[in-house]
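Secondary and tertiary structure notes
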Amino acid sequence: MSKVKYYYDSDTLSYKKIERRKRNTFKYASIFILGSALFGFLFVFLASQFIQSPKERALARELQHMELQYQLLNKKMDEAQAVLANVEQRDNSIYRLYFAANPIPEEQRKAGFGGINRYKALEGFDNSKIIIEANRRMDILQKQIVVQSKSLDEIAVLAEDKEKFLSSIPAIQPINIEDMTRMASGYGYRTDPFTKVRKFHYGMDFTAPQGTPIYASGDGVVTRADNSSTGYGNHIRIDHGYGYVTLYAHLYKYNVRANQKVKRGDLIGFVGSTGRSEAPHLHYEVFKDDERINPINFYYGNLSAEEYSKLLEHASLENQSLD
Ligand SMILES: [Zn+2]
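For the protein, an unreviewed UniProt entry supplies the name M23 family metallopeptidase and the organism Gelidibacter pelagius.

Listed below in structure tokens is the structure:
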């Protein structure tokens, strides 16, 4: 119920009632409603700047959680990087060194990505920095792994070659020797059994009864098994590759033919005294790039250190060879 308002009329000297017109009432009501609406809207707008809605709070929480996850991710990448660095270090200083491959330079392993900005799409957000940083590190890590993986492929090939090389080169004695007394004469100046003249003996002589088995000292191909070389009698030559050839002379019998492939330890023939020989024995030679070298350096495969030093002692005695 609105108040009734009066005014003092100085002409009539009396109070008169103020009559409110209907139109004015409507105008005031409109202003009041509009003002309220405006104020309400302003209030909500301002409140929204400082007070979060439940949905906003949830999103903020999620964002916080995501930032934390990115930090953890960065930490995990640190750890992965440390492990990879260790692998790279071993790769460069052990594996590649062992197989005589050049180490991969640090710049090549850690090279970033030049040229265009790969992370443009990630720019312009509040969290751009942390996201770009994580992406950049992940990309580098990925590249490092690719470089490392390629290096290991290379090492695997080299290791396979090395294995082939190691099984090919002469590395064991060509006959079984229970006691070293069978090593009759070594490489070096010896007295010729026939002329009694001091001359160079290019192989090693092992005395053994006729028919004693002779074994290939490394993998290879038999290039000769005949008696058409002066002095050697029945003899076998095995080409081991890598410039190595071994020769087994004065044989009684062959157990292989020319062009046959043999493995280290295969029985290839039997001891005899054919050719220029004084008594049954095996004359054994090792060639490297067509030069005859001392076979004593190629027995590491089946001798203990003690046996080897005994053999060395025997082999260095300047006695008479059996040729
Ligand atoms: Zn000899």
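1. Some words on the UniProt feature "transmembrane region" (unreviewed entry) in the protein
Cross-referencing UniProt, the feature "transmembrane region" (unreviewed entry) maps to residues 26-47 in the present numbering. Annotated as residues 26-47, this span is 100% helix and 0% strand, and its ends, taken at the C-alpha atoms, are 31 Å apart.

2. With respect to the coordination of the zinc ion
Octahedral six-donor coordination of a metal ideally yields angles of 90 or 180 degrees, compared with 109.5 degrees for tetrahedral four-donor coordination. Distances from the zinc ion to its protein donors, His201 (NE2), Asp205 (OD), Asp205 (OD) and His283 (ND1), fall within 1.9 to 2.8 Å. For the zinc ion, the four donor atoms are set out with angles of 52 to 154 degrees between them, so the coordination reads as irregular. Each donor residue of the zinc ion lies on the same chain, and together they follow the pattern H-x3-D-x77-H. Pair noted here: Asp205 is in strand 6 (residues 204-207) and His283 is in strand 14 (residues 281-288), with a separation of 78 residues, a long-range link. Assessed through its relative accessible area of 4%, His283 is described here as buried.

3. A closer look at the pairing of strand 5 (residues 198-201)
Regular strands show a simple pattern: their side chains alternate between the two faces of the sheet. Here strand 4 (residues 188-191) runs beside strand 5; their pairing, made up of four bridges, is antiparallel. By the bridge assignment for strand 5, Thr191 is matched with Arg198. Here strand 4 folds back onto strand 5, and the loop between the two strands holds six residues, one of which, Lys196, carries a positive phi near 60 degrees.

4. A word on the nonpolar core
Residues Phe206, Ile236, Tyr248, Ile268 and Leu282 are the most contacted members of the largest nonpolar core, which totals 29 residues. Secondary structure elements with two or more residues in this core: strand 6, strand 8 (220-226), strand 9 (235-241), strand 10 (244-249), strand 13 (267-271), strand 14 and helix 5 (305-315). Counting residues per element, this core draws most heavily on strand 14, at three residues. Counting seven residues, the second largest nonpolar core, distinct from the first, contains Tyr70, Ile131, Ala134 and Leu141.

5. Quick notes on the packing of aromatic side chains
Under the counting rule described, the total for this entry stands at eleven aromatic pairs. The ring of Tyr98 has Lys162 sitting right over it, with the charged end atom 4.7 Å from the ring centre. A cation over a ring is seen here: Lys288 above Tyr244, with NZ or CZ 5.2 Å from the ring centre.

6. Quick look at the sheet that holds strand 7 (residues 213-215)
Spatial strand order, 7-13-11: three strands in an open sheet with antiparallel pairing. The strands lining the two open edges of the sheet, one partner per strand, are strand 7 and strand 11 (251-254). For this sheet, the mean angle separating the axes of adjacent strands, direction not counted, is 35 degrees. Sheet topology places strand 7 next to strand 13; three bridges connect them, and they run antiparallel. Looking across to strand 13, one finds that Pro213 is bridged to Phe270.

7. Concerning the pattern of salt bridges
The full count for this structure, using the stated rule, is 15 salt bridges. Residue Glu133 pairs with Arg136 through a salt bridge whose shortest N-O separation is 3.2 Å. A residue pair is termed a helical-turn pair when its members lie 3 or 4 positions apart in one helix, as Glu133 and Arg136 do in helix 4 (residues 128-168) at three residues. The exposure class assigned to Glu133 is partly exposed, which follows from its relative accessible area of 32%.

8. A few points about the pairing of strand 10
When you tally the buried positions in strand 10, you get six out of six residues, the bulk of the element. Burial of the side chains of strand 10 extends over both faces: Tyr244, Thr246 and Tyr248 are buried on one face and Val245, Leu247 and Ala249 on the other. Note: strand 9 against strand 10, five bridges, orientation antiparallel. Each residue of the ladder has a partner; that of Arg237, found in strand 10, is Leu247. What sits between the antiparallel neighbours strand 9 and strand 10 is a turn of two residues, in which Tyr242 has the positive phi angle 55 degrees. Pairing of strand 10 with strand 14 involves six bridges; the strand directions are antiparallel.

Rules used in this analysis
Residues numbered from 1 in each chain as written. Predicted model: local features only at pLDDT ≥ 70, side-chain atom pairs only at ≥ 80, totals over all residues. Heavy atoms only, no water. UniProt positions renumbered as here; feature names shortened; annotations may be inferred. Helix = DSSP H or I, 4+ residues; strand = E, 2+ residues; numbered from the N terminus. Donors = N, O, S within 2.8 Å, 3.2 Å for Na, K, Ca; no water. Tetrahedral: all angles 85-135°; square planar, octahedral: opposite > 155°, others 65-115°. Buried < 20%, exposed > 50% of the residue type's maximum accessible area, 1.4 Å probe, protein only. Pairing = 2+ DSSP bridges. Core = buried A, V, L, I, M, F, W, Y, C linked by side-chain atoms within 4.5 Å. Phe/Tyr/Trp six-rings, centres within 6.5 Å; stacked < 30°, edge-to-face > 60°. Lys NZ or Arg CZ within 6 Å of the ring centre and 35° of its normal. Axes fitted to C-alpha atoms, helices over the stretch in contact; angles between N-to-C directions. Salt bridge = Lys/Arg side-chain N within 4 Å of Asp/Glu carboxyl O.

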